[in-house]
Amino acid sequence: MRFDALVLEKTPEGVKASVQALDETRLPEGDVLVEVLYSSVNYKDALAVTGRGKIIRGDYPFVPGIDLVGRVLASESPAWKPGDLVLCTGWGIGENTWGGYSRRQRLRSEWLVPLPEGLTPLEAMVIGTAGFTAMLSAMALADHGVTPDRGEVVVTGASGGVGSMAVAILAGRGYRVVASTGKAAAHDYLAALGAARFLPREELGAGPHRPLDSARWAGAVDAVGGATLAAVISQTGRHGCIAACGLAGGHELHTTVFPFILRGVTLQGIDSNTCPGPVRRRAWENLARELSKEALQRMTSRMIPLEAVPEASEEILAGRVQGRIVVDLSA
Ligand code: NDP
């Protein structure tokens, strides 16, 4: 039985992506075989597919895709049986081992999460790693006592996958959400997701004015990093918390200890990749319960076939995508 997959090969000109027909003997080791229904295109996938970031640590040829949802075809683990709907995000799929851009994939049983009640497989991939990361960020703010009555929270890179999801989740939890975005055209979209007001991207992107600026934020979800994160840290109020989850604007961070020792600010790192199983399941149950069907529809940028993943990756890296791109493998 042959099936299609997007295969990356290393050539003298760089990484080349093409759709190829594979058979199951090519798949990696694992105790569960899954028929993949949908995947998605995340920022990390875009870096991997274009070869512009050092994402892939496995051998080439390589099948990328850090997210997938599908149906179990065969399982050597008592945890899963044929027909179960499962999702897998992170754990190194699409980085160390083959991932979601394949109609079939072999995975390790402990990586899988049951598709939560209330979500369709398609909706699970609209959410994907982006939504999962946004939920972990929202949970981090709540765990650090940042409640909606404490003041405004800011989301940076707001029109992207993680940002859009964070706006929707935080607004749904009753926070007053300020969306920092480089896309003025995305204001209506973000307002529909629940953003109360907007900041132009350059305002925080210019970096901190002073090590300790006027306190503006009770908390933050930062998908941008670099000078933007440094500005957010300098403007976060007493005992506020910043969930640092991204680097769309830069991976370096130049800051001072003042916000930490004079305001008790917490900088909470978010790593969706290795998030432990029990927290993972709780986050997915929260996502199924909290995100409305309308919001998920609004956040779906478009559905694409495998062949269109390289082009979509270029758009993501150019910062032109609003919301989430789903890869349809179900047809
Ligand atoms: P997207 O490309 O969907 O969103 C990124 C957004 O950041 C863009 O839409 C844009 O938003 C903004 N942006 C883009 N380029 C720049 C720039 N040069 N300077 C400032 N802002 C910029 O990506 P994702 O939402 O999938 O991922 C966002 C970040 O989070 C990435 O760095 C990704 O690697 C990281 N990530 C981390 C995870 C973790 O576990 N920690 C998991 C998933 C993602 P706007 O136009 O609105 O400003």
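The structure presented is a predicted model; accordingly, all values stated were derived computationally and were not measured. (Residues numbered from 1 in each chain as written. Predicted model: local features only at pLDDT ≥ 70, side-chain atom pairs only at ≥ 80, totals over all residues. Heavy atoms only, no water.)

Peer 1: Account for the site of the ligand, with residues named and values stated.
Peer 2: Taken together, 25 residues lie around the ligand, and Ser159, Thr181, Cys245, Ile270 and Ser272 are the ones closest in. Take Tyr43: an N or O atom from its main chain is 3.3 Å from an oxygen atom of the ligand. One nitrogen or oxygen atom from the side chain of Ser159 is found 2.8 Å from an oxygen atom belonging to the ligand. At the level of secondary structure, the elements contributing two or more residues to the shell around the ligand comprise helix 2 (121–143) and helix 3 (161–172). Residues of the shell around the ligand, tallied by class, amount to 11 nonpolar, 11 polar and three charged. Both of domain 1 (2–115 + 299–328) and domain 2 (129–269) provide at least three residues apiece to the shell around the ligand. (Near = heavy atom within 4 Å. Polar contact = N/O pair within 3.5 Å; in protein donor to acceptor, adjacent residues only side chain to side chain. Helix = DSSP H or I, 4+ residues; strand = E, 2+ residues; numbered from the N terminus. Nonpolar A, V, L, I, M, F, W, Y, C, P; charged D, E, K, R; others polar. Domains from an automatic or database assignment.)

Peer 1: Lay out a nonpolar patch on the surface with the relevant residues and their values.
Peer 2: A cluster of nonpolar residues, Val257, Phe258, Ile261 and Leu262, forms a patch on the protein surface that exposes about 390 Å² of accessible area. Tracing the backbone through its elements, the reader meets Val257 in the loop between strand 12 (236–244) and helix 7 (258–263). (Patch = residues over 30% accessible without salt bridge, like charges linked within 9 Å, V, L, I, M, F, W, Y side chains within 5 Å. Areas by Shrake-Rupley, 256 points an atom, 1.4 Å probe, with all protein chains shown as cover. Salt bridge = Lys/Arg side-chain N within 4 Å of Asp/Glu carboxyl O.)

Peer 1: Please provide a residue-by-residue account of the side chain of Asp45, values included.
Peer 2: On the secondary structure map, Asp45 appears in helix 1 (residues 43–50). One buried charged side chain, Asp45, makes no salt bridge at all; its nearest oppositely charged neighbour is Arg324, positioned 6.5 Å away. One polar contact links the side chain of Asp45 to the main-chain amide nitrogen of Ile66, over a distance of 2.9 Å. Among residues more than four places away in sequence, those in contact with Asp45 are Ser40, Gly65, Ile66, Tyr101 and Ser313. (Buried < 20%, exposed > 50% of the residue type's maximum accessible area, 1.4 Å probe, protein only. Lys, Arg positive; Asp, Glu negative; His and termini not counted. Contact = heavy atoms within 4.5 Å.)

Peer 1: Tell me about the domain arrangement of the protein, and name the residues and values.
Peer 2: Split into domains, the protein comes out as domain 1 (2–115 + 299–328) and domain 2 (129–269). Centre-to-centre separation of domain 1 and domain 2, based on C-alpha positions: 29 Å. Interface area, domain 1 with domain 2, both sides summed: about 1000 Å², of which 61% is carbon and sulfur. Sorting the residues of domain 1 by area buried against domain 2 places Met299, Gln322 and Arg324 first, and these three jointly supply 52% of that buried surface. Our count for the contact surface shared by domain 1 and domain 2 stands at three residue pairs in polar contact (both at pLDDT 80 or more). Of the residues in the side of domain 1 that touches domain 2, the class split is four nonpolar, six polar and three charged. (Buried area = accessible area lost by both parts, 1.4 Å probe.)

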